[in-house]
Amino acid sequence: MTAAATNQTFRTAIVPAAGLGTRFLPTTKAVPKELLPVVDTPGIELVATEAAAAGAKRLVIVTSPGKESVVDYFRDAPELEDTLERKGKTEMLAKVRRAPALLDVEVAIQSEALGLGHAVAQAEGNLDEADEAVAVLLPDDLVLPTGVLDRMSAVRAEHGGSVLCAFDIPREQISAYGVFDVADTADADVKRVHGMVEKPAAEDAPSTFAAAGRYLLDRAVFDALRRITPGSGGELQLTDAVALLISEGHPVHVVVHRGGRHDLGNPGGFLRAAVDFALEDPEYGPGLRSWLTDRIGSAH
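This is a predicted model, so every value here is computed, not measured. Note that residues are indexed from 1 along each chain, following the sequence as it is written. A pLDDT threshold of at least 70 governs which residues receive local features in this predicted model, and a stricter bar of 80 or more applies before side-chain atom pairs are shown or counted, although totals over entire chains, interfaces and linings include all residues. Hydrogens and water are ignored here; the side-chain numbers use all heavy atoms of the structure.

Helix and strand labels come from DSSP, where a helix needs a run of H or I of at least four residues and a strand needs a run of E of at least two; each type is numbered from the N terminus. Per the secondary structure count, the chain includes 11 helices and 13 strands. Principal-axis analysis of the C-alpha atoms gives the chain an extent of 60 × 55 × 45 Å. The buried label applies to any residue whose accessible area, calculated with a 1.4 Å probe on protein chains only, is under 20% of its type's maximum; exposed applies above 50%, and partly exposed to all values in between. Split into buried and exposed, the 300 residues of the chain put 45% on the buried side. Restricting to contacts in the chain with at least 6 residues of sequence separation, those with at least 24 account for 76%. Split by element, the accessible area of the chain, about 14800 Å² in all, is 53% carbon and sulfur. Of the side chains in the chain, 29 bear a positive and 44 a negative charge, and the two mean positions are spaced by 3 Å. Residues count as neighbours in contact if any of their non-hydrogen atoms are within 4.5 Å of one another. Shrake-Rupley sampling with a 1.4 Å probe provides the accessible areas, and residues are treated as covered by the protein chains on show and by no other component. Charged-residue counts in this description rest on Lys and Arg as positive and Asp and Glu as negative, His and the chain ends being excluded. By convention, the point assigned to a charge is CZ for Arg, NZ for Lys, CD for Glu and CG for Asp.

What follows is the structure, encoded as structure tokens:
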């Protein structure tokens, strides 16, 4: 049995995908942001692949009315598959079949945009008694290299409670993030969380460890979500529910991830991710690298 299997502490992953994608308008009038391709693979498939690799068996996509195509993407397409098979396009057929084979996909509907906490709460009805913890993956965040959920699962197996992912951010940039108030543990990359501050001034930040879009949450978070009050804009914040659990003695830790990150939530970050992934692609990488070198060299 592998270490990942030994430490497996969840089987359901939740992906909140109900947003309007306003920063990608007008494209997102018709195409959900989560289906925009990073090279040739939608961001939500990349996140679902990460969840499946960490042991998830089920994916609950929280979406809004009118975005059913996000869930449809994970369904079989028999006519398309038959056409590709008849034409002998086996590589393309494998790509089409890849997402539906990852894990079982269900949907939960968020009728109103009332915050990340509210979105996560909509998935509670999809869980059963065996779901003692759930993973939450924000589809705008690509955390690279993948594998942080395995590490987070091992930390939950050791310490219990909930485990979040953090990046160590230069202090001069920290005011753009939610920042953890932490204490050290025996492991330099695992911290016990005492609190969290949203977007503090650099000089006031309790640490340089900022929240990323990966959470491994004890089932108790759903009770906490029912007990918190809405913040600005009437939204229920997931961090407020986690803060409530901390105040009640629930153990919360962060795993400091030393890799990279791409933000697919805005066109600039999306372009960087696409270039990064394309450069690593054996088909597109060499030509793109050559073109970029020439293009940058000719820039004035």
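Still more to cover.
In the predicted model, the chain carries a mean pLDDT of 92, and 97% of its residues have values of at least 70. Low pLDDT, under 50, characterises residues 1-5; the stretch is placed with two contacts to residues that sit more than four places away or in other chains. You can read pLDDT as the predictor saying how much it trusts each residue, on a scale of 0 to 100.

Residue proline 26 is bonded to the preceding leucine 25 through a cis peptide linkage, with omega at 5 degrees. Backbone torsion omega between leucine 144 and proline 145 reads -15 degrees, so that peptide bond is classified as cis. Tracing the chain through its elements places proline 145 in the loop between strand E7 (141-144) and helix H7 (148-159). The phi dihedral of valine 39 is positive, around 65 degrees, even though this residue is not glycine. Structurally, valine 39 is set in the loop between strand E2 (37-38) and strand E3 (41-42). For valine 39, a relative accessible area of 27% puts it in the partly exposed group.

Quick look at empty space enclosed by the protein now. In the cavity and pocket records, a cavity denotes points on a 1 Å grid over the protein atoms alone where a 1.4 Å probe fits but cannot get out, a pocket denotes an open set with protein on both sides within 12 Å along at least 5 of 7 lines, and lining residues are residues with an atom within 4 Å of a point. Grid points are joined across faces, edges and corners, and a volume is the space filled by probe spheres set on the points. Inspection of every chain in the model, using the stated rule, returns one cavity of 30 Å³ or more. When its volume is computed, the largest cavity comes out at roughly 50 Å³. If you trace the largest cavity, you find it lined by Lys33, Glu34, Leu36, Gly43, Ile44, Pro139, Asp140, Leu264 and Phe270. Residue classes in the lining of the largest cavity are distributed as five nonpolar, one polar and three charged. Under the scheme applied, nonpolar residues are Ala, Val, Leu, Ile, Met, Phe, Trp, Tyr, Cys and Pro; charged residues are Asp, Glu, Lys and Arg; polar residues are all the others, including Gly.

Under the UniProt annotation, "domain: Nucleotidyl transferase" (unreviewed entry) lies at residues 13-276. In residues 13-276, helix accounts for 30% and strand for 27%; the two terminal C-alpha atoms are 26 Å from one another. UniProt positions are given in the numbering used here, feature names are shortened, and annotations may be inferred rather than shown by experiment.

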